[in-house]
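# Commentary on secondary and tertiary structure
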Amino acid sequence: MLNPLPRFFLVLGLLAGVCIGVGCEDPYAPPFQSAAARGQVVYETNCKPCHDDPKLELRTKPPNLGSLFDRKLLPSGALATDEQVRKTIQEGKGIMPPFGQMLDKENLDDLVAYLHKKK
Ligand code: HEC
């Protein structure tokens, strides 16, 4: 059994190996300077198909996520806080799937930064 510290470096090494082998950065991708700009990409990939597509026939209509933090409450009636929104994204809600396994902390941070700006 490995101690936590060597295990951390092992995982780090594996990840670095994967990055060098496969290439983690797309050399043709434009550089996104701000968290919100990166978060917009996360949003468009993962959230937009449900939350912004009026043609989609879902049992529960996904709420519009513009100006989400301008009101005190979220559509469900829960407090409109970063913690609550992060929890919804990570754990899902009703028919909304959980994204906890799909988005790492950076992606989640960027996504929440974008949701703060989204009109
Ligand atoms: C499969 C479609 C689907 C996808 C994909 C999806 N959502 Fe949702 N989302 C919903 C539905 C439906 C609801 C309403 C849930 C309910 O109240 O039962 C919802 C609700 C929400 C809410 C409001 C929660 C509340 O308390 O009112 C937030 C915030 C949210 N989604 C964010 C996101 C984000 C961010 C993503 C992308 C990571 C995302 N959703 C992806 C369908 C989806």
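Everything discussed here concerns the structure shown above.
Below is a short write-up of the structure. The residue numbering used here restarts from 1 in each chain and proceeds along that chain's sequence as written. Note on the predicted model: pLDDT of at least 70 is required for a residue's local features to be given, and 80 or more for side-chain atom pairs to be given and counted; whole-chain, interface and lining totals, by contrast, use all residues.

## Here we look at the overall build of the protein
In DSSP terms, a helix is any run of H or I states spanning at least four residues, a strand is any run of E spanning at least two, and both are numbered starting from the N terminus. Within the protein one finds 5 helices and 0 strands. Tracing the protein from N to C terminus, the helices and strands come up as α-α-α-α-α. Every C-beta atom is placed from the backbone, and the number of other C-beta atoms within 10 Å of a residue's own sets its class: buried at 20 or more, exposed at 12 or fewer, partly exposed in between. The buried share among the 119 residues of the protein stands at 8%. Any residue pair is listed as a contact if its two C-beta atoms, each placed from the backbone, are within 7 Å. Across the protein, the fraction of contacts at a sequence separation of at least 24, relative to all contacts at a separation of at least 6, is 55%.

## A look at the site of the ligand
Near residues are defined by distance alone, with the backbone-placed C-beta atom required to lie within 6 Å of the molecule or strand. Neighbouring the ligand are 23 residues, the closest being C47, C50, S76, G94 and M96. Looking at the shell around the ligand, the elements that each hand over two or more residues are α3 (48–51) and α4 (82–91). Top element by residues in the shell around the ligand is α4. It accounts for 3 residues.

## A few points about the environment of R38
Within the fold, R38 resides in helix α2 (residues 35–46). In the structure, R38 is positioned 68 residues away from E106 in sequence and 9.6 Å away in space, judged by C-alpha atoms. Not counting residues within four places of it along the chain, the set of residues in contact with R38 comprises F32 and D110.

## Focus: the packing of α2 against helix α5 (residues 105–117)
Axis angles are defined between N-to-C directions and span 0 to 180 degrees, where every axis is a line fitted to C-alpha atoms and, for a helix, only to the segment in contact. For the pair α2 and α5, the least separation of the axes is 7 Å and the interaxial angle reads 100°. By the angle between their directions, the pair α2 and α5 is classed as roughly perpendicular. Between α2 and α5, the contacting residues are A35, A36, R38, G39, Q40, V42 and Y43 on the first element and N107, D109, D110, L111, A113, Y114 and K117 on the second. Under this grouping Gly is polar, as are all residues other than the nonpolar Ala, Val, Leu, Ile, Met, Phe, Trp, Tyr, Cys and Pro and the charged Asp, Glu, Lys and Arg. Residues of the contact of α2 with α5, tallied by class, amount to 7 nonpolar, 3 polar and 4 charged. Each angle is binned into one of four classes, with values under 35 degrees roughly parallel, values over 145 roughly antiparallel, values of 65 to 115 roughly perpendicular, and all other values oblique.

## Looking at unusual backbone geometry
The phi dihedral of S67 falls on the positive side, at around 50°, and the residue is not glycine. Mapping S67 onto the fold places it in the loop between α3 and α4.

## Section: the nonpolar core
What makes a nonpolar core is a set of buried Ala, Val, Leu, Ile, Met, Phe, Trp, Tyr and Cys residues, with links drawn between C-beta atoms within 7 Å. Core analysis: the biggest nonpolar cluster contains 7 residues, these being V42, V85, I89, L111, V112, Y114 and L115. Those elements that place two or more of their residues in this core are α4 and α5. Residue contributions to this core peak at 4 residues, all from α5. In this structure V112 touches D82, V85 and R86, once residues within four positions along its chain are discounted.

## Focus: the packing of α4 against α5
Two numbers describe how α4 lies on α5: the axes approach to 11 Å, and their chain directions differ by 120°. One element, α4, and the other, α5, form an angle in the oblique class. α5 is crossed by α4, and the crossing has right-handed handedness. Each of D82, V85, R86 and I89 in α4 lies in contact with α5, whose residues at this interface are L108, L111, V112 and L115. When the residues that make up the contact of α4 with α5 are grouped by side-chain class, the tally is 6 nonpolar, no polar and 2 charged. Note: crossing handedness is left-handed where the near helix turns anticlockwise from the far helix by less than a right angle, and right-handed where it turns clockwise.

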